[in-house]
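Report on the structure
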Amino acid sequence: MKSMLIVAVLASSIMGAFSIQCYTCTGSSSSSCGDTFTSTTKTNCTSSYVSCSKVYAEASLLGITSKTVTRACSTTAASSSCTTADISVLKTTTCYCGSDNCNGTGHVTSGWTLMVLLLIITIVGTTRISDF
């Protein structure tokens, strides 16, 4: 019972002790960094970075539209949702996630999902062991 709890605590400590690894690139929405993501450029972020980010920006002016995607290391805490800002000619959607290379897919996910799953497994395992 105690060993499963110790494993969960150690796993969460280890996740926080190492720096995060993120995809890093900038390009048009049709490039390897864009919507059909195929980039393999990964960066081991320094310890000051706590999440990965994906920023989708669309600028329209005088009938000309430019779309850019940027993936990078970030100092902003991971979030379970993305934020959108629409300011005149510029619209941006920014997402932050907290697990290695989580900004490579179309949908970024938080590292908290893994932590909650570990916690549930620990609780269920502890409950079942104590039932015997």
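Keep in mind that this is a model prediction, so the values were computed, not measured. Here, residues in each chain are numbered from 1, in the same order as that chain's written sequence. For this predicted model, a pLDDT threshold of at least 70 governs which residues receive local features, and a threshold of 80 or more governs which side-chain atom pairs are given and counted, while totals over whole chains, interfaces and linings are taken from all residues. Remark: hydrogens and water are excluded; side-chain values derive from all non-hydrogen atoms of the structure.

**A closer look at the overall build of the chain**
What counts, and what does not: Each helix corresponds to a stretch of at least 4 residues labelled H or I by DSSP, and each strand to a stretch of at least 2 residues labelled E; elements are numbered beginning at the N terminus. Only protein chains enter the accessibility calculation, which uses a 1.4 Å probe. A residue is then buried if its area is under 20% of the maximum for its type, exposed if over 50%, and partly exposed in between. Only heavy atoms enter the contact rule, under which two residues are in contact if any of them lie within 4.5 Å. Only the protein chains shown count as cover for residues, and the accessible areas themselves come from Shrake-Rupley with a 1.4 Å probe.
When helices and strands are tallied, the chain shows two helices and seven strands. For the chain, the α and β elements follow one another from N to C terminus as α-β-β-β-β-β-β-β-α. By the burial criterion, 27% of the 132 residues in the chain qualify as buried. Restricting to contacts in the chain with at least 6 residues of sequence separation, those with at least 24 account for 60%. Carbon and sulfur atoms form 63% of the exposed surface of the chain, whose accessible area is close to 8,400 Å².

**Some thoughts on the environment of Asn101**
You can see Asn101 is positioned in the loop between strand 7 (90-97) and helix 2 (112-130). Asn101 gets classed as buried once you look at its relative accessible area, which sits at 18%. Taking C-alpha positions, Asn101 is 9.9 Å from Arg71, a pair spaced 30 residues apart along the chain. Excluding its chain neighbours within four sequence positions, the residues that come into contact with Asn101 are Gln21, Cys22, Tyr23, Lys42 and Cys52.

**A few points about the confidence of the model for the chain**
A low pLDDT means the predicted coordinates there should not be read in detail. Worth spelling out the cut-off: On a scale of 0 to 100, pLDDT captures the predictor's confidence in every residue.
Across the chain, the average pLDDT comes to 75, with 66% of residues at 70 or higher. Taking the mean pLDDT of every element in the chain, the minimum, 43, falls on helix 2 and the maximum, 96, on strand 1 (residues 21-23). Long-range and interchain partners of residues 3-16, a stretch whose pLDDT sits below 50, account for 12 contacts in this model, where long-range means more than four residues apart. Of the regions scoring below 50 in pLDDT, residues 107-129 engages in 32 contacts with residues more than four places distant in sequence or in other chains.

**A few points about the pairing of strand 7**
As a reminder, the rule being used: When DSSP finds two or more bridges between a pair of strands, those strands are recorded as paired.
Two strands pair when backbone bridges link them, and strand 4 (residues 51-61) and strand 7 are joined in this way by eight bridges, in the antiparallel orientation. Note that in strand 7 the partner of Lys54 across the bridge is Cys95. Across five bridges, the pairing between strand 6 (residues 83-87) and strand 7 is antiparallel. Paired with Asp86 across the two strands is Lys91, which belongs to strand 7. Between strand 6 and strand 7, which pair antiparallel in sequence order, lie two residues; one of them, Ser88, sits at a positive phi of approximately 50°.

**Notes on unusual backbone geometry**
With phi around 55°, Leu62 is a residue other than glycine that occupies positive phi space. Residue position: Leu62 is located in the loop between strand 4 and strand 5 (64-74).

**Section: the side chain of Ser39**
Short version of the rule: Polar contact is the term for a pair of N or O atoms within 3.5 Å; when the atoms are in protein, one must be able to donate a hydrogen and the other to accept it, and sequence-neighboring residues count only if both atoms are side-chain atoms.
Locating Ser39 in the fold gives a position in the loop between strand 2 (25-28) and strand 3 (42-44). Taking the relative accessible area as the measure of exposure, Ser39 reaches 11% and is therefore buried. Looking at Ser39, its side chain comes within polar contact range of the main-chain nitrogen of Thr41, at 3.3 Å. Apart from residues lying up to four places away in sequence, Ser39 is in contact with Tyr23, Cys25 and Ser32.

**Thoughts on the side chain of Ser53**
Mapped onto the secondary structure, Ser53 falls in strand 4. Beyond its immediate stretch of four places on either side in the chain, Ser53 contacts Thr70, Arg71, Ala72, Cys73, Ser74, Cys95, Tyr96 and Asn103.

**Notes on the nonpolar core**
Nonpolar side chains tend to gather and get buried jointly when the protein is soluble and globular. Let me state the cut-off plainly: What makes a nonpolar core is a set of buried Ala, Val, Leu, Ile, Met, Phe, Trp, Tyr and Cys residues whose side-chain atoms join them at distances within 4.5 Å.
Judged by nonpolar contacts, Ile20, Cys22, Cys45, Cys52, Cys73, Cys97 and Cys102 together constitute the single largest core of seven residues. With residues up to four places along the chain from it excluded, the contact list for Cys52 reads Ile20, Gln21, Cys22, Ala72, Cys95, Tyr96, Cys97, Ser99, Asn101, Cys102 and Asn103. Grouped together as the second largest cluster of nonpolar side chains are five residues, Tyr23, Cys25, Cys33 and Phe37 included.

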